[in-house]
Structure formats: C-alpha cells, structure tokens
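Results of the structural survey
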Amino acid sequence: MPNGSLSLPARLYLLAWDTTKLKITGSTHLHHLVRAGALTELAQRGLLLDDDGIVTPVDPDFRTGDLVLDGLLELVAESRPRKWKPWVTLRARVTLDAVRAQLAAGGYLRAERKRVLGLFPSVEYELDRVPAVEALRAEARQVLEGPLPVAEVSDRDAALVALATAAELRTLASPKERKLHKARIDELTERGGAAAPALKKVIQEVRTAVIVAATTASATASTTGS
C-alpha cells in the first residue's frame, strides 16, 4: 500500500501521529476526522450525492474495493436518511477501527493485542513506518504553505489539509500557523469541492462538523482538567 494509494481517511489518521513521541494527537475527536475524510472521498468520487441536504448513495450495491469506504457506503445505504453533519459523528469509531486495521495490514501500524484488567481483549496500535508518515506530513505542509497555487492543488490534497486544519491537528500546523494561513485554508476548502457546486456545499458542511467536534472535545478536556 504505497502512500499514493492511501485513502483520504487513512492519510488523515496517519497525519495525527506525532512521529517524535510516537503517539496520536487529538485522539478525543480523531474518529470524527477520519469519518469526515471517508465521507469527503466518497463525495469527491461521486459515490455519495447531496439530495436536498441528504446523503444519498448513487448505487447502494457499488463497491470501491477499499474496505473502509465500502463499509461506510454500506452503512449509509442501510440506515435511515440523514444529512451530512450527523454522519460525521454517527458510529464514527467503526470507520476509525476499519482504518486502523487496514493500515496494520498495509504495514503502517503494528497491532499489539492485550487484555484490559487481564480479562477483556484489546488492540493497541504502534506506528511502524515513521518515514512514510513524515513524508506525508511534508507533502501536506507544502499544500498548506505553497508555493503551488491553490488552483493547481488536487481536490483530494486540498480536502486533506482543509479537514486536518479544521480538526486542529497540531502535527500539521500550530494554532499560530493556522491563523497565518487562514486565507489559503479557506481557498483549499473551496478547492476540495471544485468538481461541482453541490460538492462545495458538502465539503463545507463536513468541515463545519469537524470544527464543532474539535471545539466540543477541547471544551470537554478543559472542563475535565479544571
């Protein structure tokens, strides 16, 4: 599974790893970010459409061959109609678990099976391909900072940075850097939905849901720590 073939949710998950401390950052809402990435990729591929605000599969029986994306397609098809924002959070850990398993199978992660309290089976993941993640981060930083004009950035790369900064991933950009590049981030958000006017609306709604999830998680953490 070379870097170029990684799905948007997989790339977002890997970006959350601190390659110096070898641990995940922003874990309180990482599942929402990963789900947002899956929704965005399916929308960019034209496999999920916006039907008057409702997330709608083009063909409920179609499969991409990617277990993460296909799992979400099946979940949407079998569930009652919902708008984009609820889908960012609804059963989002299912998508996160699928991404982790996929990356472990691809050699990016190493799965460590343990038992909680000596009784309950659990799986913990460790990062195995640090250079690959550092290369991915360097590419994302170039998208964020330039010099490539936003109009020449791919829709997929634009969505990656738009979502990662919305989720406040410090492994990609500090709060100061996000403020510094705010105008470009806004342009990248627009670029992520460049294929169609309806897709721009989808990207905006999904990104807004990620911002809400990140803000809520930060507020909860502050309250717990005080």
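As shown above, the structure is provided for reference.
About the cut-offs
- Residue indices begin from 1 for each chain and proceed along its sequence in written order.
- Reporting of local features is limited, given that this is a predicted model, to residues whose pLDDT is at least 70; pairs of side-chain atoms are given and counted only at 80 or more, and all residues count toward the totals for whole chains, interfaces and linings.
- Excluding hydrogens and water, the side-chain values take into account all heavy atoms of the structure.
- Secondary structure elements are defined from DSSP: runs of H or I of at least 4 residues count as helices, runs of E of at least 2 residues count as strands, and each element is numbered from the N terminus.
- The globule rule used for comparison is 2.2 Å times the number of residues to the exponent 0.38, while the radius of gyration itself is calculated over C-alpha atoms.
- Each residue is placed in one exposure class: buried if its accessible area under a 1.4 Å probe, protein chains only, is under 20% of its type's maximum, exposed if it is over 50%, and partly exposed if it falls in between.
- Whether a set of points on the 1 Å grid over the protein atoms alone is a cavity depends on a 1.4 Å probe fitting there but being unable to get out, while an open set qualifies as a pocket with protein on both sides within 12 Å along at least five of seven lines; lining residues are those with an atom within 4 Å of a point.
- Grid points are joined across faces, edges and corners, and a volume is the space filled by probe spheres set on the points.
- Any two residues whose heavy atoms approach within 4.5 Å are treated as being in contact.
- Distance and chemistry together define a polar contact, namely a pair of N or O atoms within 3.5 Å, with one atom able to donate a hydrogen and the other to accept it when in protein, and with adjacent residues in sequence counting only for side-chain atoms on both sides.
- Only centres within 6.5 Å qualify two rings of Phe, Tyr or Trp (six-membered ring in Trp) as a pair; their planes then separate them into stacked at under 30 degrees, edge-to-face at over 60, and tilted for everything else.
- The criterion for a charge sitting over a ring is simple: Lys NZ or Arg CZ within 6 Å of the ring centre, and within 35 degrees of the ring normal.
- Put simply, buried Ala, Val, Leu, Ile, Met, Phe, Trp, Tyr and Cys residues joined by side-chain atoms within 4.5 Å make one nonpolar core.
- A pair of strands counts as paired when DSSP detects no fewer than two bridges linking them.

Some words on the overall build of the protein
For the protein, the count of helices and strands is 10 helices and six strands. A compact globule built from 226 residues should have a C-alpha radius of gyration of about 17 Å, and the protein, at 17 Å, falls within 12% of that. Projected onto its principal axes, the C-alpha coordinates of the protein cover approximately 50 × 40 × 40 Å. For the protein, buried positions account for 44% of its 226 residues.

Quick look at the layout of surface pockets
Of the voids in this model, the second largest pocket is the one considered here, and its volume is about 170 Å³. Around the second largest pocket sit Tyr13, Trp17, Ile24, Ser27, Leu30, Arg93, Leu96, Arg100, Val123 and Tyr125, which together line it. Of all the secondary structure elements, the ones that give two or more residues to the lining of the second largest pocket are helix H5 (92-105) and strand S6 (120-127).

Some details on the environment of tryptophan 17
By secondary structure assignment, the location of tryptophan 17 is in strand S1 (residues 17-18). Residue tryptophan 17 is classed as buried on the basis of its relative accessible area of 3%. The spatial distance from the C-alpha of tryptophan 17 to the C-alpha of glutamate 134 is 9.4 Å, given a sequence separation of 117 residues. In contact with tryptophan 17, other than residues within four places in its own chain, are Leu22, Lys23, Ile24, Leu109, Tyr125, Glu126, Leu127, Arg137 and Thr171. At a separation of 3.5 Å, a polar atom in the side chain of tryptophan 17 contacts the side chain of tyrosine 13.

Overview of the packing of aromatic side chains
One pass over the structure, following the stated rule, counts one aromatic pair. Geometrically, the ring pair formed by tyrosine 13 and tryptophan 17 is edge-to-face, given 6.5 Å between the ring centres and 80 degrees between the ring planes. Residue tyrosine 13 shares its accessibility class with tryptophan 17, and that shared class is buried. When the ring centre of tryptophan 87 is taken as origin, the NZ or CZ atom of arginine 82, which lies over that ring, is 5.5 Å away. When the ring centre of tyrosine 108 is taken as origin, the NZ or CZ atom of arginine 129, which lies over that ring, is 4.2 Å away.

What to know about unusual backbone geometry
Backbone phi values are negative for most residues with the exception of glycine, while trans is the configuration of most peptide bonds. A cis amide bond links glycine 146 with the next residue in sequence, proline 147, at an omega value of 15 degrees. Structurally, the position occupied by proline 147 is in the loop between helix H6 (130-145) and helix H7 (155-166). We note that leucine 22 has phi near 55 degrees; this positive angle belongs to a residue other than glycine. Looking at the secondary structure, you find leucine 22 in the loop between S1 and strand S2 (23-24). Among the residues examined, leucine 22 registers a relative accessible area of 46% and is labelled partly exposed. In this structure, aspartate 52 takes a positive phi of about 55 degrees despite not being glycine. Residue position: aspartate 52 is located in the loop between strand S3 (48-51) and strand S4 (54-57).

A look at the nonpolar core
Membership of the largest hydrophobic core comes to 62 residues, with the highest contact counts inside it found for Tyr13, Leu14 and Leu103. Element by element, the count of residues in this core is highest for helix H2 (residues 30-44), at eight residues. The residues contacting leucine 14, other than those within four sequence positions of it, are Leu6, Leu103, Tyr108, Leu127, Val133, Leu136 and Arg137.

Thoughts on the pairing of S4
Burial along S4 is one-sided: Val55 and Pro57 are buried, while Ile54 and Thr56, pointing the other way, are not. Note that S3 and S4 share four bridges and pair antiparallel. Bridge pairing in S4 places aspartate 51 opposite isoleucine 54. Where S3 folds back on S4, the antiparallel hairpin that results is connected by two residues, among which aspartate 52 adopts a positive phi of roughly 55 degrees.

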